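# Descriptive analysis of the structure
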Amino acid sequence: MEESLREKLDRVEERLSRALARCGRSRGEVTLLAVTKVFPYQAIEAAYALGLREFGENYVREFEAKHPHVKSLPGARFHLIGHLQSNKTRRAGELFDVIETVDSAKLARRLNEAPRRLDVMIEVKLSPEGSKSGAAPMELPALIEAVRGCSNLRLTGLMTMPPWSEDPEESRPYFRRLRELAASHGLTGLSMGMSHDFEAAIEEGSTCIRVGTALFGRRPKPEAA
Ligand SMILES: *Cc1c(COP(=O)(O)O)cnc(C)c1O
């Protein structure tokens, strides 16, 4: 029988507790971001009913369709975790509370024109095989300065997506590198770790794990963005 969302969430929380215990950290230090991309808005409602409050979506257009159904859930916050094209910044600034994928000063300046304050993270590309977007570590000092100069944006940390590997230990060096980069710039937020490798991310200091498959099951093929 298919496991219910409640059972899947329990298993994620158990894995999370064990990882936190191994490194002496507490549950309150970590946000569990429920990644609902490709699933219908009912997935957000179901996760909300179980107490989850932070949700990750990858595509502005896809979330635009779900937003009317979920925007009134008290305390729910929506993170954009997919690449943001500059022609969609205005809409993204209206729909999302957190943009985790800022990777250029131009994007930051456009988001800064949004009608309200936004929390943002800078996506860092730590290897050529990882996510296609993200700023190179070399570009970080200038980019951080540019984002900090945007009065409507609050820079909370860095985000990364290592190259895909089944072995979570392959992700660990990238997680460690992100933590070092954040620390060297006085940033504390670290969005790293997904369904298969979040324990390693927790051990390396993650403050936000982005979990889709482990909560909602395997995704149907994604729609075009
Ligand atoms: C889809 C996605 C996730 C969730 O991945 P799972 O392996 O399903 O947990 C996390 N982060 C980003 C950027 C994603 O695109």
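So, a few notes on the structure that sits alongside this text. In this convention, every chain numbers its residues from 1, walking through the sequence in written order. In view of the model being predicted, local features appear only for residues whose pLDDT reaches at least 70, and side-chain atom pairs are presented and counted only at 80 or more, with totals across whole chains, interfaces and linings using the full set of residues. Computation of side-chain values covers all heavy atoms of the structure but excludes hydrogens and water.

## Things to note about the site of the ligand
Counted only if it meets this: The near set for a molecule or strand comprises every residue that places at least one heavy atom within 4 Å of it. Here a polar contact is recorded for every N or O atom pair within 3.5 Å, except that within protein the pair must consist of a potential hydrogen donor and a potential acceptor, and residues adjacent in sequence are included only if both atoms are side-chain atoms. Each residue receives one of three labels: charged for Asp, Glu, Lys and Arg, nonpolar for Ala, Val, Leu, Ile, Met, Phe, Trp, Tyr, Cys and Pro, and polar for the others, Gly being one of them.
Around the ligand, the surrounding shell holds 13 residues, and the nearest of these are Lys-37, Asn-58, Ser-195, Thr-213 and Arg-219. Lys-37 is positioned with one of its side-chain polar atoms (N or O) 2.7 Å from an oxygen atom of the ligand. Between an oxygen atom of the ligand and a side-chain N or O atom of Ser-195, the distance comes to 2.5 Å. Of the residues belonging to the shell around the ligand, the class tally is six nonpolar, four polar and three charged.

## Considering helix 2 (residues 41–49)
Here is the rule we go by: For each residue, the accessible area found with a 1.4 Å probe, counting protein chains only, is set against the maximum for its type, and the residue is called buried under 20%, exposed over 50%, and partly exposed in between. Working definition: helices are DSSP H or I runs of at least four residues, strands are E runs of at least two. Numbering for both runs from the N terminus. The arc refers to the directions leading from the helix axis to the C-beta atoms.
Residues of helix 2 that are buried: Ala-43, Ile-44, Ala-47 and Tyr-48. One side of helix 2 holds all its buried residues, which, seen down the axis, span an arc of 135°. At the C-terminal side of helix 2, Gly-51 shows a positive phi close to 105°.

## Observations concerning the state of the cysteines
Test applied: When the sulfur atoms of two cysteines come within 2.5 Å, that pair is taken as a disulfide.
Applying the stated criterion across every chain, the model contains zero disulfides. Of all cysteine sulfurs, the one in Cys-208 lies closest to Cys-23, which takes part in no disulfide; the gap is 16 Å. Take Cys-23: its relative accessible area is 29%, and that puts it in the partly exposed class. A relative accessible area of 6% means that Cys-208 is categorised as buried.

## Brief notes about the packing of aromatic side chains
Note the threshold: Only the six-membered ring of Trp is used, alongside the rings of Phe and Tyr, when aromatic pairs are assigned; centres must lie within 6.5 Å, and planes under 30 degrees apart are stacked while those over 60 apart are edge-to-face, with the rest tilted. Sitting over a ring, as applied to charges here, requires NZ of Lys or CZ of Arg to be within 6 Å of the ring centre and within 35 degrees of the ring normal.
Across all of its chains, the model carries four aromatic pairs by this definition. A centroid spacing of 5.7 Å and a plane angle of 40° characterise the contact between Phe-39 and Phe-216, whose relative ring orientation is tilted. One end of the pair, Phe-39, is in the loop between strand 1 (31–35) and helix 2; the other, Phe-216, is in helix 9 (residues 213–216), with 177 residues separating them in the sequence. For the pair Phe-39 and Phe-216, a shared accessibility class is recorded, and that class is buried. Put simply, the rings of Phe-55, Phe-63, Phe-78 and Phe-96 pair up and form one aromatic cluster. Note that Arg-53 overlies the ring of Tyr-48, its terminal NZ or CZ placed 3.6 Å from the centroid.

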